[in-house]
Amino acid sequence: MSKTPLQFRHNARDVAIFVDGGTNLLVALRDLIGDMTPKFGCGQGGCGTCSVLIDGELHLSCLTLAESVAGRSVETLDGLKQGPNLHPLQRAFADNFAAQCGYCTPGMLMAAKALLDRNPSPSRADVIEAISGNICRCTGYEPIINAILAAAGGRVSA
């Protein structure tokens with residue numbers, strides 16, 4: 001099988017890789033680019049831990065063909081921080097004890113960022129809806145919801 005060249009923006013930098021036909025974006029990000037922040041969870045789109053932003057919209061990278069992001073912008077958890085400085089959402093998660101094992105955290109943070117980018121003052125119901133595609137087995141969701149609301153109260157910017 002021949003490889004297909006693929007160029008896109010990954011966390012504000014241009015990347016060029018070669019992918020096999022049918023390769024999903026999660027594999028391309030982790031194995032070909034080395035961005036380990038999107039996690040492999042269920043591999044079927046049911047847990048949300050592999051969530052990334054594609055042109056600002058939330059997508060499950062395990063269900064997204066890598067070739068479909070050609071010429072587009074992909075943002076992962078690794079792109080949120082600026083050097084050693086955490087994004088306000090990351091800081092709110094830490095301050096509100098919103099991560100226990102941390103496995104769901106990358107997907108939760110990306111879902112939260114997508115929400116706050118389109119609605120900087122969400123209601124509790126908005127937050128619950130926004131993270132509804134992400135499974136967490138540790139926190140009981142309350143700390144996560146509180147962290148997102150706290151970040152929104154601090155006027156999180158894109």
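No experiment lies behind these values; they were computed from the predicted model shown.

Engineer: Tell me about the overall build of the protein, and name the residues and values.
Structural biologist: Scanning the protein from terminus to terminus reveals 5 helices and 5 strands. When the helices and strands of the protein are placed in sequence order, the string is β-β-α-β-β-β-α-α-α-α. By the compact-globule yardstick of 15 Å for 158 residues, the protein fits well, its C-alpha radius of gyration being 15 Å. Reported as C-alpha extents along the three principal axes, the dimensions of the protein are approximately 50 × 30 × 25 Å. Relative to its 158 residues, the protein shows a buried fraction of 44%. For the protein, long-range pairs separated by at least 24 residues make up 56% of all intrachain contacts whose partners lie at least 6 apart in sequence. Summing over all exposed atoms, the protein offers an accessible surface of approximately 7,900 Å²; the carbon and sulfur share of this is 52%. Between the centroid of the 13 positive side chains of the protein and the centroid of its 14 negative side chains there is a distance of 4 Å.

Engineer: Tell me about the pattern of salt bridges, residues and numbers included.
Structural biologist: Going through the model one piece at a time under the given rule, you end up with 8 salt bridges. One salt bridge in this structure joins Arg9 and Asp14, with 2.8 Å as the shortest N-O distance. The class of Asp14 is exposed, set by a relative accessible area of 58%. Note that Asp78 is salt-bridged to Lys81, the shortest N-O span being 3.2 Å.

Engineer: Describe in detail the environment of Leu109, supporting the description with residues and values.
Structural biologist: Structurally, Leu109 can be placed in helix α3 (residues 105-118). Spatially, the C-alpha atom of Leu109 lies 9.3 Å from that of Thr76, the residues being 33 residues apart in sequence. Setting aside chain neighbours within four positions, we find Leu109 in contact with Leu77, Leu80, Leu89, Gln90 and Phe93.

Engineer: I'd like a description of unusual backbone geometry, backed by residues and values.
Structural biologist: Residues other than glycine seldom take positive phi values, yet Asp55 does so here, at roughly 50°. Mapping Asp55 onto the fold places it in the loop between β3 (51-54) and β4 (57-60). The phi dihedral of Tyr141 is positive, around 75°, even though this residue is not glycine. Residue placement: Tyr141 occurs in the loop between α4 (124-130) and α5 (142-153). For Tyr141, a relative accessible area of 28% corresponds to the partly exposed category.

Engineer: So what about α3? Which residues, and what values?
Structural biologist: Here α3 is 14 residues long and its end C-alpha atoms lie 20 Å apart, about the 20 Å a rise of 1.5 Å per residue gives. Within α3, 12 of the 14 residues are buried, leaving the element largely enclosed by the surrounding structure. Listed as buried for α3 are Thr105, Pro106, Gly107, Met108, Leu109, Met110, Ala111, Ala112, Lys113, Ala114, Leu115 and Leu116. The elements touched by buried residues of α3 are β3, β4, β5 (73-75), α2 (88-95), α4 and α5.

Engineer: Account for the environment of Ala151, naming residues and giving values.
Structural biologist: With respect to the helices and strands, the residue Ala151 is situated in helix α5. You can call Ala151 buried: its relative accessible area is 5%. Taking the C-alpha atoms as reference points, Ala151 and Ser61, 90 residues apart in sequence, are found 25 Å from one another.

Reading guide: rules and limits
Residues numbered from 1 in each chain as written. Predicted model: local features only at pLDDT ≥ 70, side-chain atom pairs only at ≥ 80, totals over all residues. Heavy atoms only, no water. Helix = DSSP H or I, 4+ residues; strand = E, 2+ residues; numbered from the N terminus. Rg over C-alpha atoms; globule rule 2.2 N^0.38 Å. Buried < 20%, exposed > 50% of the residue type's maximum accessible area, 1.4 Å probe, protein only. Contact = heavy atoms within 4.5 Å. Areas by Shrake-Rupley, 256 points an atom, 1.4 Å probe, with all protein chains shown as cover. Lys, Arg positive; Asp, Glu negative; His and termini not counted. Charge placed at Lys NZ, Arg CZ, Asp CG, Glu CD. Salt bridge = Lys/Arg side-chain N within 4 Å of Asp/Glu carboxyl O. Expected span 1.5 Å × (residues − 1).

By themselves, these figures tell us nothing about what the structure is for.
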